[in-house]
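Descriptive structure summary
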Amino acid sequence: MNLANLFNPAPQRRQRPPVSIDLEHSVPAWLLRGASAAVIVLGLGPVVGDLVVPLLVAVAIVIVPHPGVVAALTLVGAGYVWNQPPDLLVCAVFVLVLHAVATLARLTAPLPPTGRVESRLVLRALAGFAVIQLLAQAMVVLAFAAMAGMPTFSWFAVLVLAGIAAAVVAGVRWVGRHTQ
Amino acid sequence: MILVSGAAAAALVAVTVLAIGVAGGRPDVAVIAVPALLTTLWAALTRPRRGGVVTLQPTTEHSETGQVRAQARLDVDPGVEAVVLRVASQGYRSQHALVAGGSDRTIPLSLETSRTGVHDMFRVDWMSEAFGAVLVTSPRKAGPVPIAVHPVARPLKDMPLPFRLPGLTGNHTSRRVGEGYETHDVHEFAPGDRLRRIDWRVSARRAIDLSTGRLGTLYARRTFATADATVMIVVDSRDDVGEDVSAWAGGVDVRMDETTSLDVAREAAAAIARAYLDLGDRVGLDDLGRRRRPVPPAAGRHQWERIQQRLVRVAPEGWPDRRQRPPQLPSGALVVLCSTFLDDEAARIARRWRAFGHRVIAVDTLPQVSTAFLNGFQETALRLVLLARRQRLRALGRTGVEIVAWSSSTAVELHALSRTRMPGGRR
């Protein structure tokens, strides 16, 4: 046995060359993952007043940009808002950040970090994001405007819950019809 | 289309948050779910009926060593928002991309290769997304497509000629007397000589009888005939070994950015064939590894295309039987044998051709080998194989076969061979 071999690094095979998908304009998936993380840290950090939890969430979304992670983030966000007194700024920022992260996760979820996303698709997603975000922020403002005069009748909540239940049942039936 | 579990979980969470917010009288909590629900509503209104089809096709029929291109054509329904593509090819890292759907379009694909021959390239795995990436089609594949990568024919100028030029017309000066440009001698006019060949000056100087003033014998100027050469290029397709010796025995993929001996042979054969065809000579092609009809010698552009087509399909096929007789060649042909000479077969056949009186040029196509991944035993074995090969080539050189290694200086070596005089064919 040649002991000198223990101290000599074994030769490494060169990396195989890549196949190229020649898109005119594209964005690397790692950049979108980074943008997701930046949105979480920069958006939620100042609002929450703590950097540890946003950083952990940002790391999670960078590693696994999966819609399931976004769903968990939505739950955590809703829990945080629930425990705080109603605040327009906090609510608006949460709506903005969660929607942005969900939009970016949709683009990066099926790709590894080395994948590329066509710029046209990013722009299209951003356009949809802008329209929906406008509507959502308008609803945030309306919700806070209505907070003072919110009906306190118990039947109102029952009606709304019944409507949501009907929507869920319709949704489940639709999914059942369109899923293998 | 299939429901994505993560997206379903996100939608369920959104509905739950909305319900909790409403039930708890907290609209600030309920509105957090609004973007997800609005996105879902938007996507539901534009959902497609079906996913679509992706087809793969090469861009041009003539691909050369270097960049090879193909196209992925997407035929998708208007509701399809995006298509996930994973493009792979054997010996390459795969690449992923998410491209916009919505209309039919073409995505260009490319890869860099140093290899030649026919290879299956560009396998595309794809699935289309719709309904805000909540619904996807099941993964499908397109390709791979067989793409013929032709060798680049390096320009060569001065080429060696056979010992005899049997042709009746061409660009080379033969040793026969006939129609040509270079003067052979001045000879007494004889039946068969053309009148325009009469050299009146010589006739006047040597044949006028000064006493009578009459012209006696006429003299005609004779020239060397021009002729074309017949060149037979023989490629030994039995070996296809690369630079990495550890891959010679199989088990390790031959890299696509390194040339193999057969790539070198194809390149050498293409360059030599092109050079001779440009000179107006007749060129044929045969394969030492396959028993099939050779491309018979001919000249012209169509012959170049025939040789290219045959050359790109030259590939190892099983383990051929030992040939009892060398392939038959046209009389007086120059033989260019492209081989690695790792065994005796090619050398034995080259010696037989030389013994038949052909001029034989052996082109050594073994690439510069790398021993980085060999252990001590394998290195010793390689050293023995290369030693035996060197002895084989030396013995071949002693029998009169001229040996050229295909490299950047091959043009100079061939130029030197074209200047070598071997009258009558040294045995």
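Before any of the text, the structure's been laid out above.
So, a few notes on the structure that sits alongside this text. Being a predicted model, the structure only gives us computed values, none of them experimental. (Residues numbered from 1 in each chain as written. Chains lettered and ligands numbered in written order. Predicted model: local features only at pLDDT ≥ 70, side-chain atom pairs only at ≥ 80, totals over all residues. Heavy atoms only, no water.)

**Some remarks on the overall build of chain A**
Stated precisely, the cut-off is as follows: Under the scheme used here, helices are H or I runs from DSSP no shorter than 4 residues and strands are E runs no shorter than 2 residues, and both carry numbers assigned from the N terminus. The cut-offs for exposure are 20% and 50% of the maximum accessible area for each residue type, with area from a 1.4 Å probe on protein chains only; residues under the lower value are buried, those over the upper are exposed, and the others partly exposed. What makes two residues a contact is simply this: any of their non-hydrogen atoms within 4.5 Å. Exposure was quantified through the Shrake-Rupley algorithm and a 1.4 Å probe, taking into account, for residues, occlusion by the shown protein chains and nothing else.
Secondary structure summary: chain A contains 7 helices and 3 strands in total. Along chain A, helices and strands appear, N-terminal first, in the series α-β-β-α-α-α-α-β-α-α. A burial count over chain A gives 36% of its 180 residues as buried. A separation of at least 24 residues holds for 76% of the contacts in chain A among residues at least 6 apart in sequence. Accessible surface for chain A amounts to roughly 10,400 Å². Of this, 73% is attributable to carbon and sulfur atoms.

**Section: the overall build of chain B**
The helix and strand tally for chain B stands at 9 helices and 22 strands. Considering only residue pairs separated by 6 or more positions, chain B has 71% of its internal contacts joining residues 24 or more positions apart. Of the roughly 20,500 Å² that chain B leaves accessible, carbon and sulfur atoms contribute 52%.

**Examining a nonpolar patch on the surface**
Residue and element names in this part refer to chain A. Defined as follows: Patches here are clusters of residues that have more than 30% relative accessible area and form no salt bridge, with a 9 Å joining cutoff for like charges and a 5 Å cutoff for nonpolar side chains (Val, Leu, Ile, Met, Phe, Trp, Tyr). Only one rule defines a salt bridge in this text: a Lys or Arg side-chain nitrogen within 4 Å of an Asp or Glu carboxyl oxygen.
On the surface, a cluster of nonpolar side chains totalling about 320 Å² of accessible area is made up of Val59, Val62, Ile63 and Val64. Assignment of secondary structure puts isoleucine 63 in helix α3 (residues 52–63). The exposed category is assigned to isoleucine 63, whose relative accessible area is 58%.

**Quick notes on the interface of chain A and chain B**
The line we're drawing: Once two parts are joined, some of their accessible surface, as seen by a 1.4 Å probe, is lost; buried area is that loss totalled over both. Whenever two N or O atoms come within 3.5 Å, that pair is a polar contact, provided that in protein one can donate a hydrogen and the other can accept it, and provided that, for residues adjacent in sequence, both atoms are side-chain atoms.
With 64 residues of chain A in contact, the opposing surface of chain B contributes 65 residues. Regarding the contact of chain A and chain B, the summed buried area is about 5,800 Å², with carbon and sulfur atoms giving 69% of it. When the buried surface of chain A facing chain B is broken down by residue, Val19, Ile21 and Trp82 of chain A rank first, second and third, together holding 13% of it. One can count 4 salt bridges joining chain A with chain B. Between chain A and chain B we count 16 residue pairs in polar contact (both at pLDDT 80 or more) in total.

**A look at the pattern of salt bridges**
Two side chains bearing opposite charge may form a pair once their charged atoms approach each other closely. What the rule picks out here adds up to 25 salt bridges over all chains. Here glutamate 258 of chain B makes a salt bridge to arginine 255 of chain B, at a shortest N to O gap of 4.0 Å. Relative accessible area serves as the criterion here: at 16%, arginine 255 of chain B is assigned to the buried category. One network of salt bridges, with partners in common, ties together Arg14 of chain A together with Arg255, Asp257 and Glu258 of chain B.

**Quick look at the environment of leucine 195 of chain B**
Residue and element names in this part refer to chain B. Within the secondary structure, leucine 195 sits in the loop between β13 (172–188) and α4 (200–207). Using a relative accessible area of 65% as the deciding quantity, one classes leucine 195 as exposed. Sequence spacing of leucine 195 and alanine 220 is 25 residues, and the spatial spacing of their C-alpha atoms is 8.1 Å.

**A word on the packing of helix α5 (residues 261–278) of chain B against helix α6 (residues 301–312) of chain B**
Residue and element names in this part refer to chain B. For the record, the criterion: What counts as an axis is a line fitted to C-alpha atoms, over the stretch in contact for a helix, and the angles between N-to-C directions run from 0 to 180 degrees. Each angle gets one of four labels, with under 35 degrees taken as roughly parallel, over 145 as roughly antiparallel, 65 to 115 as roughly perpendicular, and the rest as oblique.
Two numbers describe how α5 lies on α6: the axes approach to 11 Å, and their chain directions differ by 170 degrees. Taken as axis vectors, α5 and α6 run roughly antiparallel relative to one another. For the pair formed by α5 and α6, the contact residues are Arg266, Ala269, Ala270, Ala273, Arg274 and Leu277 on the first element and Gln303, Trp304, Ile307, Leu311 and Val312 on the second.

**With respect to the environment of valine 254 of chain B**
Residues and elements named next belong to chain B. Inspection of the secondary structure puts valine 254 in the loop between β17 (230–235) and α5. In sequence terms valine 254 and aspartate 240 are 14 residues apart; their C-alpha atoms lie 9.8 Å from each other. Each residue touching valine 254, except ones within four places of it in the same chain, is listed here: Arg115, Ala247 and Thr260.

**Regarding the sheet that holds β17 of chain B**
All names here are of chain B. For clarity, the cut-off: What makes two strands pair is DSSP finding at least two bridges between them.
Strand order in this open sheet of 6 strands is β19-β18-β17-β20-β21-β22, and the pairing throughout is mixed. Of all the strands in the sheet, the pair left with one neighbour each is β19 (295–298) and β22 (402–405). Each strand axis lies, on average, 20 degrees off the axis of its neighbour in the sheet, ignoring direction. Note: strand β21 (residues 359–364) against β22, 4 bridges, orientation parallel. Residue aspartate 364 lies in a different strand from β22, and its bridge partner there is alanine 405. Contacts between α5 and the sheet are confined to β17, β18 (282–287), β19, β20 (334–339) and β21, with β17 contributing the most and set at about 170 degrees to the helix.

**Describing unusual backbone geometry**
Residue and element names in this part refer to chain B. The phi dihedral of phenylalanine 122 falls on the positive side, at around 60 degrees, and the residue is not glycine. When you line up the elements, phenylalanine 122 lands in the loop between β8 (117–121) and β9 (123–130). On the basis of relative accessibility, which here comes to 0%, the residue phenylalanine 122 falls in the buried class. Not every positive phi belongs to a glycine, and phenylalanine 341 is a case in point at roughly 55 degrees. Structurally, the position occupied by phenylalanine 341 is in the loop between β20 and α7 (344–355).

**Quick notes on the packing of aromatic side chains**
Residues and elements named next belong to chain A. Formally: Ring pairs are drawn from Phe, Tyr and Trp, using the six-membered ring of Trp, whenever the two centres fall within 6.5 Å, and their geometry is named by plane angle: stacked under 30 degrees, edge-to-face over 60, tilted for the rest.
Under the criterion given, the structure shown has 1 aromatic pair over all chains. Judged by centre distance (5.7 Å) and plane angle (25 degrees), the ring pair of tyrosine 80 and phenylalanine 94 falls under stacked. Placement of the pair is tyrosine 80 in helix α4 (residues 67–83) and phenylalanine 94 in helix α5 (residues 88–108), with a sequence separation of 14 residues. Overall, the relative accessible area of 23% leaves tyrosine 80 in the partly exposed class. On the basis of relative accessible area, phenylalanine 94 is assigned to the buried category, the value being 4%.

**Notes on the sheet that holds strand β7 (residues 105–113) of chain B**
Taking strand neighbours across the sheet as the criterion, the 4 strands line up as β1(A)-β7(B)-β4(B)-β2(B) in an open arrangement whose pairing is antiparallel. Both edges of this open sheet fall to β1 (20–21) of chain A together with β2 (52–58) of chain B, since each of them pairs with a single strand only. Taken together, the 2 bridges between β1 of chain A and β7 of chain B define a ladder with antiparallel strand orientation. Directly across from serine 20 of chain A, in β7 of chain B, lies its bridge partner serine 110 of chain B.

**Regarding the nonpolar core**
Rules: Among buried residues, the Ala, Val, Leu, Ile, Met, Phe, Trp, Tyr and Cys ones that are joined through side-chain atoms within 4.5 Å form a nonpolar core.
Core analysis: the biggest nonpolar cluster contains 38 residues, and Ile40, Phe94, Val101 and Val140 of chain A together with Val31 of chain B have the highest contact counts within it. Discounting residues that sit within four places of it in the chain, phenylalanine 94 of chain A has contacts with Leu44, Val47, Val48, Gly77, Tyr80 and Val81 of chain A together with Ile32 of chain B. Listed in part, the 33 residues of the second largest apolar core include Ile233, Ala265, Tyr276 and Ile361 of chain B.

**Notes on the environment of alanine 347 of chain B**
All names here are of chain B. Mapped onto the elements, alanine 347 comes out in helix α7. On the accessibility criterion, alanine 347 (0% relative accessible area) is buried. With 49 residues separating them in the primary sequence, alanine 347 and leucine 396 have C-alpha atoms 6.6 Å apart. Excluding its chain neighbours within four sequence positions, the residues that come into contact with alanine 347 are Phe341, Arg392 and Leu396.

That is the geometry; function is a separate question.
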